[in-house]
Amino acid sequence: MTTLVGISLTGRRVVMVGGGSVAARRLPRFLDEGADIVVVAPELSDGVRELVERHALSWMPRPVRAADITDAWLVHTATGDPRVDARVAAWCERRRTLCVNASDGAHSTTRLAAETRSGDVVVGVVSDTGVDPRRAARLRDAVASLLRDGRLPLRRRRTGGAGRVDLVGGGPGPADLLTVRGRRLLAEADVVVADRLGPTDVLSELEPDVEVIDVGKRPGHHPVPQDEINDLLVDLARQGKRVVRLKGGDPFVYGRGGEEVAACLAAGIPVDVTPGLTSVVSVPQAAGIPVTHRGTSVGVHVANGQGELSPSTLAALADDSVTTVVLMGVAALPRLVAAARSAGAPEDRPVAIIERGHTPEQRTTRSTLGRIVADAAAAGVRNPAVIVIGDVARAGLLLPAHALAGDASR
Ligand code: SAH
């Protein structure tokens, strides 16, 4: 029978007896934990030598002696010689020191679990009798993949710990375009502060008692002012909650994520940012538009349609070697087009507007600078939409003409 215990080895003496491939495989685990490691072996394999040098580990370049284990909490013996390993195990038994015996796993006092980590959770697999490392590793991998997807109940049940805020970029909409880390942070969250855009579907998969606060913004409408959102994040974290601030796209692209991070830092709240797929790149891509393309566009200029048109935006609009991508730009379209014309952009420069990219309602309107205002009005183009101006927006840039059938534009 085996009892699985969690031992913290940080700062504690671990003696590795042996310097071969098993030692090389196992040492990183003890290194990760910050154990005080001593290696005892007449010779080292290249892998162990590298670890010893890189981490300045103590190495006794000689055969093992009973005195070597005196200060150890844990001994791992992997000399390749079962008799030596058995002798080390016997010394440990006498001294009541935990010992992993690589040549006789089934009978050693201690077995290392096949481990996986997710946030601050550690899950380990060991066998009760005998050893079956392959089975343990496969089980561990299966659990790891469930943990990674956020499909297991990772949320802390015991409150009172320190609160924190994670800004999570949700990508353009579909749940499977959210990062694996974002998914896990959502599974750990006590409260989710969400926008209108982004992967709202994942919210319905959260446990029923996870609080969801919608502070959704639309261009021109700000249901919850930004400074109130900042205060809310700080207040929730101060209550000891794990807060996920779920944002559409990437938190740092027109998402005011910088202000939220600054507010948390100013209040002394631990805060981190998980990137997301920004609509700048992913929404054009959903319509088959690469924002850069060899021979067509060497760079991308990104602009906010709600703001003033900067000189750099005007320069980009006039430059046929770069792509201009405008977010929040539907209302500003006439102004944008007028500015592009007066900056010298030709009437036939391709323009594409992609509404609700990566959703079932995705629609692409393709036109040219000269005609886009009328075409967009006729089509009834609405936010959220990404406007792409430049040669990459030309229909058929990548696809043969017949493949464009079904594209609502043209
Ligand atoms: N942080 C976000 C952008 C926020 S500003 C990001 O990185 O994507 C909001 C604007 O993003 C919208 O007005 C629209 O221009 C664009 N947008 C976001 N998601 C979109 C989608 N699925 N389809 C079209 N446009 C989208």
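Quick caveat: nothing in here was measured; it's all calculated off a predicted structure.

A. Quick peek at the overall build of the chain. A tally of regular secondary structure across the chain gives 12 helices and 17 strands. Relative to a compact globule of 410 residues, whose C-alpha radius of gyration would be 22 Å, the chain shows 29 Å and is clearly more extended. Dimensions of the chain, computed from the C-alpha atoms along their principal axes, are close to 90 × 50 × 35 Å. When each of the 410 residues of the chain is scored for burial, the buried share is 45%. Counting contacts in the chain only where the partners sit at least 6 residues apart, residues at least 24 apart contribute 62% of the total. Accessible surface computed for the chain: about 20800 Å², of which carbon and sulfur atoms make up 52%. Looking at charge distribution, the chain has the averaged site of its 50 positive side-chain charges lying 4 Å from that of its 48 negative ones.

B. Highlighting the domain arrangement of the chain. Domain annotation for the chain reports domain 1 (13–112), domain 2 (165–274) and domain 3 (280–409). Relative placement of domain 1 and domain 3: their C-alpha centres are 62 Å apart.

C. How the structure looks around the packing of aromatic side chains. In the structure shown here, the tally under the stated rule is 0 aromatic pairs. Directly above the ring of tryptophan 73 sits arginine 12, whose terminal nitrogen or CZ lies 4.5 Å from the centroid.

D. Structural view of the site of the ligand. Close to the ligand lie 19 residues, the nearest being Val253, Thr278, Ser279, Gly357 and Ala385. Threonine 278 is positioned such that a nitrogen or oxygen atom in its side chain is 2.7 Å from an oxygen atom of the ligand. One of the side-chain nitrogen or oxygen atoms of serine 279 is found 2.6 Å away from an oxygen atom of the ligand. Computed on the free molecule, the ligand has an accessible area of 540 Å², of which 93% lies beneath the protein chains in the complex. Listing elements by their share of the shell around the ligand, those giving two or more residues are α9 (279–286) and β17 (385–389). When grouped by side-chain class, the residues that make up the shell around the ligand number 11 nonpolar, 6 polar and 2 charged. Among the domains, domain 2 (165–274) and domain 3 (280–409) are the pair contributing at least three residues each to the shell around the ligand.

E. How the structure looks around the pattern of salt bridges. The final tally for this structure, using the stated rule, is 24 salt bridges. Close ionic contact of arginine 156 with aspartate 190 constitutes a salt bridge, the shortest N to O distance being 3.7 Å. Note that arginine 156 is positioned in the loop between α4 (133–148) and β8 (164–169) and aspartate 190 in the loop between α5 (180–188) and β9 (191–194), a separation of 34 residues in sequence. Classification of arginine 156 by relative accessible area gives partly exposed; the value is 25%. Using a relative accessible area of 12% as the deciding quantity, one classes aspartate 190 as buried. Glutamate 205 is the salt-bridge partner of arginine 183, the closest N and O atoms lying 2.7 Å from each other.

F. Main features of the sheet that holds strand β16 (residues 363–368). Pairing is mixed across the open sheet formed by 5 strands, whose spatial order is β13-β14-β17-β15-β16. Either end of the sheet is taken by a strand with one partner, and the two such strands are β13 (299–304) and β16. Going across the sheet, the axis of each strand differs from the next one's by a mean of 20°, ignoring polarity. Pairing geometry for strand β14 (residues 322–327) and β17, over 4 bridges, is antiparallel.

G. Layout of unusual backbone geometry. The omega angle of the peptide bond from asparagine 383 to proline 384 is -5°, so this bond is cis rather than trans. By secondary structure assignment, the location of proline 384 is in the loop between α12 (372–379) and β17. Here the phi dihedral of alanine 56 falls at roughly 50°; this positive angle occurs in a residue that is not glycine. Tracing the chain through its elements places alanine 56 in the loop between α2 (46–54) and β3 (58–60). You will see that tyrosine 254, though not glycine, has its phi angle at about 45°, which is positive. In this structure, tyrosine 254 sits in the loop between β11 (242–247) and α8 (257–266).

H. Molecular detail of the nonpolar core. Ranked by internal contacts, the top residues of the largest apolar core, which has 20 residues, are Leu333, Leu336, Ile353, Leu369, Ile387 and Ile389. Mapped by element, the contributors of at least two residues to this core are α11 (333–342), β15 (350–355), α12 and β17. The element best represented in this core is α11, accounting for 5 residues. If we skip the residues at most four places from it in the chain, leucine 333 touches Ile353, Ile372, Val373, Ala376 and Ile387.

I. Fine view of helix α10 (residues 311–318). Those residues of α10 not exposed but buried are Thr313, Ala316 and Leu317. Down the axis of α10, the smallest arc covering the buried residues is 100°, so these residues share one side.

J. Molecular detail of the environment of serine 204. By the element assignment, serine 204 lies in helix α6 (residues 201–204). Along the primary structure serine 204 and proline 63 are separated by 141 residues, whereas in three dimensions their C-alpha atoms are 61 Å apart.

K. Just the side chain of histidine 301, in detail. Tracing the sequence through the fold places histidine 301 in strand β13. Of the polar contacts made by the side chain of histidine 301, one reaches the side chain of threonine 313; its length is 2.8 Å. In this structure, histidine 301 is in contact with Ser312, Thr313, Ala316, Thr323, Thr324 and Val325, ignoring residues within four places of it in sequence.

L. Molecular detail of the sheet that holds strand β4 (residues 74–77). Ordered by their spatial adjacency, 5 strands build an open sheet running β3-β2-β1-β4-β5, and the pairing between neighbours is parallel. A single partner strand is all that each edge strand has here, and the edge strands are β3 and β5 (98–101). Averaged over all pairs of adjacent strands, the angle between strand axes in this sheet comes to 20°, irrespective of strand direction. Strand contacts of helix α3 (residues 82–95): β1 (13–17), β4 and β5, with the helix running at about 165° to β5, the strand carrying the most contacts.

M. Geometry of the pairing of β8. Counting buried positions along β8 gives 6 out of 6 residues, so the element sits mostly inside the fold. Side-chain alternation along β8 places Arg164, Asp166 and Val168 on one buried face and Val165, Leu167 and Gly169 on a second face that is also buried. As paired elements, β8 and β11 share 6 bridges and run parallel to each other. The partner of valine 168 across the bridge, within β11, is leucine 246.

Conventions adopted
Residues numbered from 1 in each chain as written. Predicted model: local features only at pLDDT ≥ 70, side-chain atom pairs only at ≥ 80, totals over all residues. Heavy atoms only, no water. Helix = DSSP H or I, 4+ residues; strand = E, 2+ residues; numbered from the N terminus. Rg over C-alpha atoms; globule rule 2.2 N^0.38 Å. Buried < 20%, exposed > 50% of the residue type's maximum accessible area, 1.4 Å probe, protein only. Contact = heavy atoms within 4.5 Å. Areas by Shrake-Rupley, 256 points an atom, 1.4 Å probe, with all protein chains shown as cover. Lys, Arg positive; Asp, Glu negative; His and termini not counted. Charge placed at Lys NZ, Arg CZ, Asp CG, Glu CD. Domains from an automatic or database assignment. Phe/Tyr/Trp six-rings, centres within 6.5 Å; stacked < 30°, edge-to-face > 60°. Lys NZ or Arg CZ within 6 Å of the ring centre and 35° of its normal. Near = heavy atom within 4 Å. Polar contact = N/O pair within 3.5 Å; in protein donor to acceptor, adjacent residues only side chain to side chain. Nonpolar A, V, L, I, M, F, W, Y, C, P; charged D, E, K, R; others polar. Salt bridge = Lys/Arg side-chain N within 4 Å of Asp/Glu carboxyl O. Pairing = 2+ DSSP bridges. Axes fitted to C-alpha atoms, helices over the stretch in contact; angles between N-to-C directions. Core = buried A, V, L, I, M, F, W, Y, C linked by side-chain atoms within 4.5 Å. Arc of directions from axis to C-beta.

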